[in-house]
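Chain by chain, the residues:
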Amino acid sequence: MTSESRREELLDQVTDHVLEHGLIGLTLRPVAAAIGTSDRMLIYHFGSRDALVSAVVVRAGERSIAEIEALPPAPSVRSGVNRLWAAYATEPLNSCLDVYVQAAATGLIGREPYLTEARASNERWAAALRDYLVRSGAPARRVARIVTLVDSALYGFHLDLATDRPEELARGVDDLARAAQALAD
């Protein structure tokens, strides 16, 4: 096995661990033990804890983008937004979004070595949402505006800790979906 393939294997294992246990409080020795390696091997392949965490955030982003790319087109922008919301609640997308939120909440996204990678990941995420919404009927000339609205609002709904009533969130998401459809029309 090459060093690069071993690095990729370790990255997938650490990402799986983080998706299950979260990013906050991640330290090298416990995560290394959990995946059957040593903290020294993680340092060898990634250089530092920061570089490993950055790579995990990027890998989680790649996995979330793959989930969006795999969604079949919806018959309308409104139904597309509602389908996105339903996808947010499923694994692995739910956990991938949580990892990004945890990275942002701990201040990682706003500074290097995370900032550059986070910006690039955000661009890839927005592109996946644009492609999905265009496949679901959004006009290309308006899709960027729709994505700005939908992406920010769905993250807000995803983080909504004020309600434990999913029907309220679903109503709010459908209101968002109607607004996105109005922008598309």
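Everything below is about the structure shown above.
Residues numbered from 1 in each chain as written. Predicted model: local features only at pLDDT ≥ 70, side-chain atom pairs only at ≥ 80, totals over all residues. Heavy atoms only, no water.

### Structural notes on the pattern of salt bridges
Heads up, the rule is: When a carboxyl oxygen of Asp or Glu is within 4 Å of a side-chain nitrogen of Lys or Arg, the pair counts as a salt bridge. Put simply, DSSP H or I for four residues or longer makes a helix, DSSP E for two residues or longer makes a strand, and each gets a number counted from the N terminus.
Enumeration over the complete set of coordinates arrives at 12 salt bridges. The shortest N-O distance in the salt bridge between arginine 6 and glutamate 9 comes to 3.4 Å. One end of the pair is arginine 6 and the other is glutamate 9, both in helix α1 (residues 3-21) and three residues apart, which spans about a single turn. The salt bridge partner of arginine 59 is glutamate 62, with a shortest N-O separation of 2.8 Å. Separated by three residues within a single helix, arginine 59 and glutamate 62 lie in helix α4 (residues 49-70), roughly one turn from each other.

### Regarding helix α7 (residues 114-135)
Note the cut-off: Under the convention used throughout, the expected extent of a helix is 1.5 Å for every residue step, that is, one less than its residue count. A 1.4 Å probe rolled over the protein chains alone gives each residue an accessible area, and that area as a share of the maximum for its type sets the label: buried under 20%, exposed over 50%, partly exposed in between. Summarising the geometry, the arc corresponds to the directions from the helix axis toward the C-beta atoms. Only heavy atoms enter the contact rule, under which two residues are in contact if any of them lie within 4.5 Å.
The end-to-end C-alpha distance of α7, which contains 22 residues, comes to 31 Å, matching closely the 32 Å that a straight helix rising 1.5 Å per residue would cover. Where α7 is concerned, the buried positions are Tyr114, Ala118, Ser121, Trp125, Ala126, Ala128, Leu129, Tyr132 and Leu133. In an axial view of α7, the angular spread of the buried residues amounts to 160°, which keeps them on one side of the axis. Turned more than 90 degrees away from the buried face of α7 sit Thr116, Arg119 and Glu123, all of them exposed. Of the surrounding elements, those touching the buried residues of α7 are α4, α5 (77-88), α6 (93-105) and α8 (143-159). Positive phi shows up at glycine 137, right after α7, with a value of about 110°.

### Details of α5
Taking 1.5 Å of rise per residue, the 12 residues of α5 would be expected to cover 16 Å, and the 16 Å separating its terminal C-alpha atoms lies within 8% of that figure. Those residues of α5 that sit buried are Val77, Gly80, Val81, Leu84, Trp85, Ala87 and Tyr88. Buried residues along α5 cover an arc of 160° about the axis, so they all sit on one side. Looking at the packing, one finds that the buried side of α5 touches α4, α6, α7, α8 and α9 (166-184).

### As for the packing of α5 against α7
To be explicit about the condition: Only the stretch in contact is used when fitting a helix axis, every axis being a line fitted to C-alpha atoms; angles between N-to-C directions are given from 0 to 180 degrees. An angle counts as roughly parallel when it lies under 35 degrees, as roughly antiparallel when it exceeds 145, as roughly perpendicular when it falls between 65 and 115, and as oblique in every other case. When residues are sorted by character, Ala, Val, Leu, Ile, Met, Phe, Trp, Tyr, Cys and Pro go into the nonpolar class, Asp, Glu, Lys and Arg into the charged class, and all the rest, Gly among them, into the polar class.
Contact pair α5 / α7: the axes reach a minimum separation of 10 Å and the direction vectors enclose 135°. Viewed along their axes, α5 and α7 adopt a mutual orientation that is oblique. Counting all contacts with α5, which are made through Val77, Gly80, Val81, Arg83, Leu84 and Tyr88, the residues of α7 involved are Trp125, Leu129, Tyr132 and Leu133. Residues that form the contact of α5 with α7 fall into these classes: eight nonpolar, one polar and one charged.

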